[in-house]
Amino acid sequence: MHGIDYPLLLRSMVRGMGTSLSLFGLTLAITLPLGLVISAGRMSRNPVVRNSVRAYLLIMRGTPLMLQLFFFYFGPYYIFGIRGADRFTMAVVAFGLNYAAYFAEIYRGGIESIPIGQREAAEALGLTRSQTFLKIVLPQVLKRVTPPMGNEFMTLVKDTALANVIAVSEMFDVAKKAASGSVSAAPFIVAGAFYLAMNSVVEQAFRFAERRLSYYQ
Amino acid sequence: MREILTVSGIRKSFGAHEVLCGISLTVRKGEALAIIGPSGSGKSTLLRCVTQFETIDGGAIEVDGETMVATDSSGAVRYADKSALRRIRLKVGLVFQNFNLFPHYSVLRNLMEAPVSVLKLSKSEAEARALALLSKMGLSDKSNAYPYQLSGGQQQRVSIARAMALSPEILFFDEPTSALDPELTGEVLKIIRSLADEDTTMVIVTHEMAFAREVADNVVFMDEGAIVEQGSAEALFGGATHERTRQFLTRYNR
Ligand SMILES: Nc1ncnc2c1ncn2[C@@H]1O[C@H](COP(=O)(O)OP(=O)(O)O)[C@@H](O)[C@H]1O
Ligand SMILES: [Mg+2]
């Protein structure tokens, strides 16, 4: 049994963290706005739009994210005989489409919980529909969705580990390889500490946001 | 005095249920009209048709000389174009039963939002206007408060000020005191009374009969989607000619 090359392990783990963080950040950058658009489709008066979105939401929320990762990475090759984009890009696509579905439903819950009187009051005052949405509805929705969003953010931090199934070299993938190479649990402990640290930052950020939004009820 | 609101034979159905069966009334400048009637008689629906929250199925509505909607001889209902409807909307103020203040805005911002983003007033102009209205409502010390920090009576006074901040030609009140604890109705009625004293043109749906009698110039009694009787407040409260009106009034005067 050989000793562990700690400097090397540390370097690859830092790279893995970077990949995990990019996956997390890019997924949010895509899903936070995309979820809003999808929730609008889910509430559309057009039944074709509404039901297509419902089907999409069911598939995304009703099948394992792990399977979706496989599908997006291997699907293009098996179905069309073409090479898809690189692993990381396809992981971002899978995470984006999956998390956008959850965010869309959280947004919808928030939007539907705003009393209709708010919109009517704004309309009676002559605000346009977009002014009403941006100035009256959306700020109140953001306050209401903050707690459930906190949950989702923390889950996403941990879910980034799933990208290892298509061999994206994120934190967990690096730890797994390092652990099997060195016959040691240390890389897993480092990985666990990393996820915990990241989520404690997320938790702090949400606590701060909730405090900032507590100036009204 | 010129007519600010002319409603002619409007009809409105929800599905097969005809909620307004040909309502006609006029409100002249400076006049306060009270609408009374049992619950479910269509009073709110009438206000919602006039304030563009519901579309009508027949009849016509004119606001301040401008046609909002009319029905042609073939029975087709035609609304004015978007810009006219918008212009008309700004001439009409609406005070809701449950206030509907914007909870995430301070009292001052509630009053400034529409003047700034709809009328495009400057912030300082809108603020001056808002502060003047608040002092009129006896709420000068509440300009930085948030709605949840106010009592129901104070919230309703803010919402009256908010509607007035656009200087509408006519103000509609839909049961402005019905959501309030009895001890808070007085302060709101006092404000509406003072508006009436300044000859503000108003339509007030209310169950406060003593108040209606005192404040309104004219009164409309509605039942089952129709106007049973209308006339001056004195005539209607002093000696209603219809049995149904009399029954309704005795029920409320006990
Ligand atoms: N959006 C709606 N859909 C279906 N029915 C409605 C709607 N709004 C009101 N109604 C019905 O219309 C009738 C009149 O209601 P409303 O105008 O609220 O009466 P009021 O304000 O005099 O109590 C009631 O029977 C009510 O159930
Ligand atoms: Mg009503």
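Residues numbered from 1 in each chain as written. Chains lettered and ligands numbered in written order. Predicted model: local features only at pLDDT ≥ 70, side-chain atom pairs only at ≥ 80, totals over all residues. Heavy atoms only, no water.

*Asks:* Mind showing me how you'd approach the overall build of chain B here?
*Replies:* Within chain B, the secondary structure is distributed over 9 helices and 11 strands. Computed over the C-alpha atoms, the radius of gyration of chain B is 18 Å, within 12% of the 18 Å expected from 2.2 N^0.38 for a compact globule of 254 residues. Principal axes of the C-alpha set define a box for chain B whose edges measure 50 × 45 × 35 Å. In chain B, buried positions account for 55% of the 254 residues. About 10,900 Å² of surface is accessible on chain B, with carbon and sulfur atoms providing 46% of the total. Here chain B holds 28 positive side-chain charges and 31 negative ones, and the gap between their average locations is 4 Å. (Helix = DSSP H or I, 4+ residues; strand = E, 2+ residues; numbered from the N terminus. Rg over C-alpha atoms; globule rule 2.2 N^0.38 Å. Buried < 20%, exposed > 50% of the residue type's maximum accessible area, 1.4 Å probe, protein only. Areas by Shrake-Rupley, 256 points an atom, 1.4 Å probe, with all protein chains shown as cover. Lys, Arg positive; Asp, Glu negative; His and termini not counted. Charge placed at Lys NZ, Arg CZ, Asp CG, Glu CD.)

*Asks:* What am I meant to see in the environment of Ala76(B) here?
*Replies:* Residue and element names in this part refer to chain B. Note on placement: alanine 76 falls in the loop between strand S5 (66–71) and strand S6 (77–79). Taking relative accessible area as the criterion, alanine 76 reaches 26% and is therefore assigned partly exposed. Linking alanine 76 and glycine 231, residues 155 residues apart in sequence, is a C-alpha distance of 31 Å.

*Asks:* Before we go on, may I ask you to explain the nonpolar core in this structure?
*Replies:* Generally speaking, a soluble globular protein has its nonpolar side chains buried in company with each other. Phe24(A), Leu69(A), Ala91(A), Phe95(A), Met149(A) and Phe153(A) are the most contacted members of the largest nonpolar core, which totals 49 residues. Of all the elements in the fold, those that place two or more residues in this core are helix H1 (6–42), helix H2 (47–62), helix H3 (65–80), helix H4 (87–113), helix H6 (129–159), helix H7 (171–182) and helix H8 (186–212) of chain A. For this core, the element with the highest residue contribution is H4(A), accounting for 13 residues. Apart from residues no more than four positions distant in its own chain, Phe24(A) is found in contact with Phe153(A), Leu156(A), Val157(A), Thr160(A), Met198(A) and Val202(A). Counting residues in each nonpolar core, the second largest holds 42 residues, with Val7(B), Leu46(B), Phe96(B) and Phe102(B) among its members. (Core = buried A, V, L, I, M, F, W, Y, C linked by side-chain atoms within 4.5 Å. Contact = heavy atoms within 4.5 Å.)

*Asks:* Is there a simple way to think about the sheet that holds strand S3 (residues 32–36) of chain B in this case?
*Replies:* Sheets are built from strands that pair by backbone hydrogen bonding, the pairs being arranged parallel or antiparallel. Residues and elements named next belong to chain B. Strand order across the open sheet formed by 6 strands is S7-S8-S9-S3-S10-S11, with mixed pairing between neighbours. The outermost strands of the open sheet, each flanked by one partner alone, are strand S7 (92–95) and strand S11 (226–232). Each strand of the sheet is rotated relative to its neighbour by a mean of 15 degrees, with strand direction disregarded. Summarising the sheet, S3 and strand S10 (residues 218–223) pair through 4 bridges and their orientation is parallel. By the bridge assignment for S10, leucine 33 is matched with asparagine 218. Sitting on the sheet, helix H1 (residues 43–50) touches S3, strand S8 (170–174), strand S9 (202–205) and S10, and the angle it makes with S8 is about 150 degrees. Along the sheet, helix H5 (residues 152–164) contacts S7 and S8; its crossing angle with S7, the most-contacted strand, is approximately 170 degrees. (Pairing = 2+ DSSP bridges. Axes fitted to C-alpha atoms, helices over the stretch in contact; angles between N-to-C directions.)

*Asks:* I'm lost on the site of ligand 1 in this one. Help?
*Replies:* All names here are of chain B. By nearness alone, every residue bordering ligand 1 is listed as Phe14, His17, Val19, Pro38, Ser39, Gly40, Ser41, Gly42, Lys43, Ser44 and Thr45. One nitrogen or oxygen atom from the side chain of serine 44 is found 2.8 Å from an oxygen atom belonging to ligand 1. In isolation ligand 1 offers 560 Å² of accessible surface; the protein chains occlude 59% of this area. Of all elements in the fold, only strand S2 (17–28) and H1 reach the threshold of two or more residues within the shell around ligand 1. A per-element tally of the shell around ligand 1 places H1 first, with 3 residues. (Near = heavy atom within 4 Å. Polar contact = N/O pair within 3.5 Å; in protein donor to acceptor, adjacent residues only side chain to side chain.)

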